[in-house]
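What follows is the residue order along each chain.
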Amino acid sequence: MGYKIHIERTKRSRIGNVDFSNLPFGSIFSDHMFIAEYENGDWDNCRVVPFGNISIHPALSALHYGQAIFEGIKAEKNNEGVPIVFRPQKNFERFNLSAERMAMPQVPEEIFMGAIDHLLTIDRDWIPTSPDSSLYIRPFMFAAEEIVGIKPAERFIFCVFTSPVGKYYHHPVRVYVHDKYVRAFPGGTGYAKCAGNYAAAMMPLREIKKLGYDQILWLDGIHHRYLQEIGTMNIFVIIDGIIITPSLHEGTILHGVTRDSIITLAQEEGYVVQERDISIDEVIDAHNQGKLDDMFGTGTAAVLSHIGEFFYKGEVYELPPVELRDVSNKLRQRLIAIKSGKAEDLYGWLYHVPVGVYAAQIP
Ligand SMILES: Cc1ncc(COP(=O)(O)O)c(C=O)c1O
């Protein structure tokens, strides 16, 4: 344990102001956050402080050139009240993969997991227990060079805050399959969770929202034919009982933790899962032949969210009623049961925060 974490507790908790039975997504923040600084080739100044604004220099390089990455992880409490985090190791690995692509330093596991351990111990009362709610954990890192001039930065800030959240989507998602704008292309940054990927999606997203759609289903950047992903979810299609999801081989798609979990659970249930290229034409053909059983997205925030309909080149394609989608409903329930500690954790996906250890150390 080489990194000492300094702790400054808030003098006034805000928890009494929160209605935990009616949580929005992402606009309520717990009492504390974690910060670490990278300079001269190492991490230093690790600390837990009261949640609040960070003062930054106007020339801060992340603001100008977008060298910034983030993650999203969820925690709940099991029946014994212990904070349980869903597969944080996967997010830790993906965070450092994103960091590598963006010429940012690796964050040591001790700091990444230490931040989660400390925050979930000190703010454990912020972990909601009502159905469909959880504590969303947001680790992020940005370049903190205070100079105008484009070069890979040498100073960085790593920060983690948490947010009690409710459901992301309250209705089947209306999806717009974009035939003009693209999100990623081979050799680009599609597989990284970097800020720029999301920035580039904002304008198309604003346009499709005006038309009444919730999210964009991106097609590949070369042929404009093959399904990639939807907003902040990986995409699954069920055709004639076979579960299909785009393969990750080109590096254009985020390696979703929920995607990986759903594939595992589907195979456990005996379903055939194909990871392969799937074109929008194949999806539409299946729809026209009455073989398109289901389409859904998977992601930490949205868990498993059904697609109600999709729009492509002037046509709207309706999907079957959600209550008839037995396969995805079963997989969703199974995932939710595991994440909340109610079903057996056969794959060792849950990380139990050692609250006893940290609570004794935290002043
Ligand atoms: C672009 C994108 N695709 C897919 C996902 C789903 O990934 P995960 O299941 O790890 O949350 C996310 C969310 O993290 C995302 O931002």
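Keep in mind it's a predicted model, so treat the numbers as computed, not measured.

Details of the overall build of the protein
Within the protein, the secondary structure is distributed over 9 helices and 18 strands. Against the 2.2 N^0.38 benchmark of 21 Å for 363 residues, the protein shows a C-alpha radius of gyration of 21 Å, consistent with a compact globule. Taken along the three principal axes of its C-alpha coordinates, the protein extends 65 × 50 × 35 Å. Burial analysis of the protein (363 residues in total) assigns 52% to the buried set. Residue pairs at least 24 apart in sequence account for 71% of intrachain contacts in the protein once pairs closer than 6 positions are excluded. A total accessible area of about 16,400 Å² is found for the protein, and carbon and sulfur atoms account for 51% of it. When the 35 positive and 45 negative side-chain charges of the protein are each reduced to one mean point, those points stand 4 Å apart.

Structural notes on the pairing of strand S3 (residues 42-50)
Sheet analysis places strand S1 (residues 6-7) next to S3, joined by 2 bridges and oriented parallel. Bridging across to S3, isoleucine 7 finds its partner in valine 48. Sheet topology note: the strand S2 (residues 32-39)/S3 ladder contains 7 bridges and is antiparallel. Bridge pairing links glutamate 37 to aspartate 44 in S3.

A look at the domain arrangement of the protein
Domains assigned within the protein are domain 1 (6-167 + 344-361) and domain 2 (173-324). With centres defined by C-alpha atoms, the gap from domain 1 to domain 2 works out at 28 Å. If you look at the interface, domain 1 gives 21 residues, while domain 2 gives 21 residues. When domain 1 packs against domain 2, the two sides together hide about 1,800 Å² of surface, and 63% of this comes from carbon and sulfur. It is Phe70, Arg94 and Arg101 in domain 1 that bury the most area against domain 2; as a group they hold 34% of the surface buried on that side. The tally of links between domain 1 and domain 2 comes to 1 salt bridge. Close ionic contact of aspartate 260 with arginine 87 constitutes a salt bridge, the shortest N to O distance being 2.9 Å. Viewed at the interface, domain 2 and domain 1 are joined by 11 residue pairs in polar contact (both at pLDDT 80 or more).

Reading the values: rules and limits
Residues numbered from 1 in each chain as written. Predicted model: local features only at pLDDT ≥ 70, side-chain atom pairs only at ≥ 80, totals over all residues. Heavy atoms only, no water. Helix = DSSP H or I, 4+ residues; strand = E, 2+ residues; numbered from the N terminus. Rg over C-alpha atoms; globule rule 2.2 N^0.38 Å. Buried < 20%, exposed > 50% of the residue type's maximum accessible area, 1.4 Å probe, protein only. Contact = heavy atoms within 4.5 Å. Areas by Shrake-Rupley, 256 points an atom, 1.4 Å probe, with all protein chains shown as cover. Lys, Arg positive; Asp, Glu negative; His and termini not counted. Charge placed at Lys NZ, Arg CZ, Asp CG, Glu CD. Pairing = 2+ DSSP bridges. Domains from an automatic or database assignment. Buried area = accessible area lost by both parts, 1.4 Å probe. Salt bridge = Lys/Arg side-chain N within 4 Å of Asp/Glu carboxyl O. Polar contact = N/O pair within 3.5 Å; in protein donor to acceptor, adjacent residues only side chain to side chain.

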